Amino acid sequence: MRALSRISFWNAVFAVVIAAGLAATWVRFTQGLGASTALSDEFPWGLWVGFDVLCGVGLAAGGFAVMALVHVFNIERYKPVLRPTLLTAFLGYLLVIVALLFDLGRPYRIWHPLVMRNPHSVMFEVAWCVMLYTTVLALEFSPIVFEKLRLERPRRILRAISVPLVVLGVLLSTLHQSSLGALFLIVPEKLHELWYTPMLPVFFFISALGVGFAMVIFESCLSGLAFGKQLEKPLLADLARIVVVVQAIYLVWRFQDLAAHDALGAVWAGTLPGWTFVGEIALGSLIPITLFALPRVRHSSTGLLVGSACAVSGFVLNRLNVGITGLELGTGARYFPTWMEIAVTMMIVALGFALFGLASKHLPIFEPIQRPANRLLRRRNLVSAPAPLGAES
Amino acid sequence: MNVGVLVDTTRCVGCNACAEACKEANELPGDIDAKLTSRTWTVVEEHGDTYVRRMCMHCADPSCASVCPVGALYKSDEGPVAYEESRCIGCRYCMLACPFEVPKYEWDRPLPRIRKCIGCIDRVRDGEVPACVAACPAEATTFGPRDELLDEARRRIREDPDTYVDHIYGEREVGGTNVLFLASVPFGQLGFASNLPDTEMPSLTWQALSKVPHVVSIGGVALLGIWWIVNRRMEIEKLEAADAADRSSATNGVLEVEES
């Protein structure tokens with residue numbers, strides 16, 4: 001009974017989020033961006049760019065990172081990680097495109113960069129990379145669908161081109177993950193000194209790599225709680241160690257760069273920019289590094305969940321700081337999203353969760369380590385209350 | 001020809017005739033706003049006892065045109081930075097990128113456009129002067145080739161050093177602009193951005209973008225190389241393992257048969 005009410009509670013939350021999102025969508029497309037957003041001539045980019053696009057693309061970075069580990073470096077141990085990660089990445093990119101349709105003033109012209117060229121524009125490069133990489137992701141993900149449908153021929157064709165496809169995916173990801181940072185290189189006088197640096201593209205790439213792995217852990221923990229399907233813990237612990245290394249490199253390099261720009265003073269100034277920065281570094285780097293460096297923590301379900309959740313929120317904070325707060329602090333313009341911007345964002349996130357749940361239920365996503373459960377048992381798993389945090393599953 | 005406009009703030013009387021003429025020439029609705037908006041492409045602002053006319057600076061290497069993914073904003077051969085509405089996807093990157101915060105957006109329209117001074121490009125191509133220049137009763141605004149305007153500005157400073165500060169705003173800012181300003185007080189006091197570098201802003205992004213071919217070529221070769229080496233090593237390991245298994249089964253053949 002309690003399990004049932006829990007399920008209907010989340011269904012109700014989902015319904016409310018979708019309803020609010022649809023209402024906001026109506027206002028956005030009938031009355032325009034002025035009526036639906038807090039954007040202005042002084043502050044032209046807001047939540048939909050700062051969160052939906054910058055974070056959406058970054059959080060999906062696990063896709064190329066794990067593909068490279070398994071197919072280029074041939075570390076077969078990580079194979080079970082591949083499918084859930086690919087699913088996240090594919091859904092992530094599709095939802096970023098959905099968010100773009102909301103943010104663009106003329107969404108029906110989203111294809112224009114395909115035929116109208118400006119190779120000097122970072123946005124042009126990002127547009128091409130995102131489009132090509134979404135195609136690559138679709139091809140990399142399709143064998144899972146073909147497997148379900150028992151279509152052998154297309155699977156064989158895709159297996160034959162898998163290595164060049166993976167290499168292409170890694171290259172495209174490297175380019176646009178870093179280019180999202182390069183978008184802000186042209187506003188040195190507008191972005192606060194704690195975030196503006198010529199190294200922005202490099203930092204965007206490294207932090208995306210780190211959060212890509214953290215996201216794999218986070219999602220596995222979540223789907224373990226929600227669907228009783230998750231990856232093996234030793235594997236997640238190994239990924240947690242990669243997160244430590246990547247985050248440590250990021251941390252050292254970030255502070256070295258701040259020192260080189262004489263911007264370290266702003267960290268300790270005790271003012272808003274400093275605190276925002278400290279929050280981002282603590283959540284995204286310091287806490288995950290500390291937690292995951294301890295073997296006891298990274299081998300426990302709670303430790304993995306808390307550490308990866310911190311890494312993910314620190315990453316989100318960083319992207320919001322570059323895309324919103326850092327620009328506010330640098331220009332003096334003010335921006336706080338309207339309920340409609342928040343509703344659309346929440347709707348897109350909720351869609352992501354729902355699609356992930358649907359796909360992992362109907363497609364062989366977690367298959368390799370699935371217990372030999374019959375249909376009935378699996379249904380029971382789905383509705384039973386999630387195991388308490390830290391419990392062995 | 002690379003034309004521009006020289007605005008001499010010491011001559012401006014603040015009548016806003018330029019703003020009115022601009023509205024008429026570009027068919028912009030509504031009254032003249034206090035600052036630049038989607039409906040007001042030029043306007044006279046008061047800073048102390050100085051009148052300063054705002055308009056697009058028409059940079060030599062404009063940030064807005066450089067960041068535009070579809071080339072909707074472009075630097076014309078004549079000098080003005082113009083806009084081809086049918087290309088624009090509405091990403092508003094130009095608004096973020098412009099160091100002078102000139103491009104404005106039609107926030108109240110479901111299908112909005114970017115709006116800004118386009119230097120009366122059609123009039124200029126027809127051999128006319130921009131509407132704002134033609135309307136100025138005080139000769140505060142001069143139209144002509146940029147190098148001639150610079151000569152004129154230098155002449156005015158040289159002949160009347162007591163009136164002018166020795167600075168032509170737009171001569172070097174962000175690599176130079178086609179709209180130039182003269183003033184009697186430092187430009188920072190007149191609301192001009194005074195923290196801009198002398199280098200073109202697009203060069204900042206180009207430093208990153210120009211590395212794309214290297215990332216693709218070197219990265220591609222490196223990744224395929226790593227795959228080749230690792231994959232071959234694993235194949236050899238598999239072969240050796242199979243060999244070893246063969247050999248051991250050959251020597252222990254009897255045992256195997258017995259076991260099976």
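Cut-offs and rules
Residues numbered from 1 in each chain as written. Chains lettered and ligands numbered in written order. Predicted model: local features only at pLDDT ≥ 70, side-chain atom pairs only at ≥ 80, totals over all residues. Heavy atoms only, no water. Pairing = 2+ DSSP bridges. Helix = DSSP H or I, 4+ residues; strand = E, 2+ residues; numbered from the N terminus. Axes fitted to C-alpha atoms, helices over the stretch in contact; angles between N-to-C directions. Salt bridge = Lys/Arg side-chain N within 4 Å of Asp/Glu carboxyl O. Buried < 20%, exposed > 50% of the residue type's maximum accessible area, 1.4 Å probe, protein only. Expected span 1.5 Å × (residues − 1). Phe/Tyr/Trp six-rings, centres within 6.5 Å; stacked < 30°, edge-to-face > 60°. Lys NZ or Arg CZ within 6 Å of the ring centre and 35° of its normal. Parallel < 35°, antiparallel > 145°, perpendicular 65-115°, else oblique. Left-handed = near helix turned anticlockwise from the far one by under 90°. Contact = heavy atoms within 4.5 Å. Nonpolar A, V, L, I, M, F, W, Y, C, P; charged D, E, K, R; others polar. Patch = residues over 30% accessible without salt bridge, like charges linked within 9 Å, V, L, I, M, F, W, Y side chains within 5 Å. Areas by Shrake-Rupley, 256 points an atom, 1.4 Å probe, with all protein chains shown as cover. Lys, Arg positive; Asp, Glu negative; His and termini not counted. Charge placed at Lys NZ, Arg CZ, Asp CG, Glu CD. Buried area = accessible area lost by both parts, 1.4 Å probe. pLDDT = per-residue confidence, 0-100.

A look at the sheet that holds strand 1 (residues 3-8) of chain B
Residues and elements named next belong to chain B.
Then step 1. Read from one edge of the open sheet, 3 strands run 8-1-9, paired in mixed fashion. The open sheet has two edge strands with one neighbour each: strand 8 (141-145) and strand 9 (179-182). Taking each pair of neighbouring strands and ignoring which way they run, the sheet shows an average axis angle of 20°.

What about the pattern of salt bridges?
Residues and elements named next belong to chain B.
Then step 1. For the structure shown, the criterion picks out 24 salt bridges over all chains.
Then step 2. Measuring nitrogen to oxygen at the nearest pair gives 2.9 Å for the salt bridge that ties R113 to E106.
Then step 3. Note on R113: relative accessible area 21%, which makes it partly exposed.
Then step 4. R123 is the salt-bridge partner of E128, the closest N and O atoms lying 3.7 Å from each other.
Then step 5. In this structure, a network of salt bridges that share partners links the residues D8, R11, E152, R155, R156 and E159.

Remarks on helix 11 (residues 233-260) of chain A
Then step 1. Spanning 28 residues, helix 11 of chain A covers 40 Å between terminal C-alpha atoms, matching the ideal 40 Å at 1.5 Å per step.
Then step 2. Taken from the residues just after helix 11 of chain A, A:D262 is the one with a positive phi, measuring 55°.

As for the packing of aromatic side chains
Aromatic ring pairs are described here by two measures, namely the spacing of the ring centres and the angle between the planes.
Then step 1. Here the structure, examined in full by the defined rule, presents 20 aromatic pairs over all chains.
Then step 2. Among the aromatic residues, those joined into a cluster by ring pairs are B:F100, B:Y169, B:F181, B:F187 and B:F192.
Then step 3. When the ring centre of A:F29 is taken as origin, the NZ or CZ atom of A:R28, which lies over that ring, is 4.6 Å away.

Section: the environment of A:K233
Then step 1. Looking at the secondary structure, you find A:K233 in helix 11.
Then step 2. Taking the C-alpha atoms as reference points, A:K233 and A:L304, separated by 71 residues in sequence, lie 8.9 Å from one another.

What about the packing of helix 3 (residues 47-59) of chain A against helix 9 (residues 162-182) of chain A?
Residues and elements named next belong to chain A.
Then step 1. The geometry of helix 3 relative to helix 9 is characterised by a closest axis approach of 11 Å and an angle of 150° between their N-to-C directions. When the axes of helix 3 and helix 9 are compared, the pair comes out roughly antiparallel. Taken as a pair, helix 3 and helix 9 cross one another with a handedness that is left-handed. Contact with helix 3, carried on its side by L54, V57 and G58, involves H176, Q177 and L180 of helix 9 and no other residues of that element.
Then step 2. Per-class residue counts for the contact of helix 3 with helix 9 are 3 nonpolar, 3 polar and no charged.

Overview of the pairing of strand 9 of chain B
Residue and element names in this part refer to chain B.
Then step 1. Residues V179 and F181 line one face of strand 9 and the alternating positions L180 and L182 line the opposite face, and both faces are buried.
Then step 2. With 4 bridges joining them, strand 1 and strand 9 adopt parallel strand pairing. What sits directly across from V5, in strand 9, is V179.

Some words on a negative patch on the surface
Residues and elements named next belong to chain B.
Then step 1. Residues E237, E240, D243 and D246 make up a contiguous surface patch of negative charge.
Then step 2. Positionally, D243 belongs in helix 8 (residues 212-251).
Then step 3. When its relative accessible area of 44% is taken as the criterion, D243 is described as partly exposed.

Topic: the interface of chain B and chain A
Then step 1. Taken together, the contacts link 55 residues of chain B with 55 residues of chain A.
Then step 2. For the pair chain B and chain A, the two sides together bury roughly 4700 Å², of which 64% comes from carbon and sulfur.
Then step 3. Three residues stand out in chain B for area buried against chain A, namely B:I89, B:L96 and B:W107, and they jointly supply 16% of the buried area on that side.
Then step 4. Counting across the interface, chain B meets chain A through 4 salt bridges.
Then step 5. For A:R109, the salt bridge goes to B:E85, with nearest N and O atoms at 3.5 Å.

Topic: the confidence of the model for chain B
Atom-level detail of predicted coordinates should not be read off regions where pLDDT is low.
Residue and element names in this part refer to chain B.
Then step 1. Across chain B, pLDDT averages 92, with 96% of residues at or above 70.
Then step 2. Ranking the elements of chain B by mean pLDDT puts helix 9 (residues 253-259) last with 47 and strand 6 (residues 104-105) first with 97.
Then step 3. Reported confidences for the modelled complex are a pTM of 0.89 and an ipTM of 0.88.

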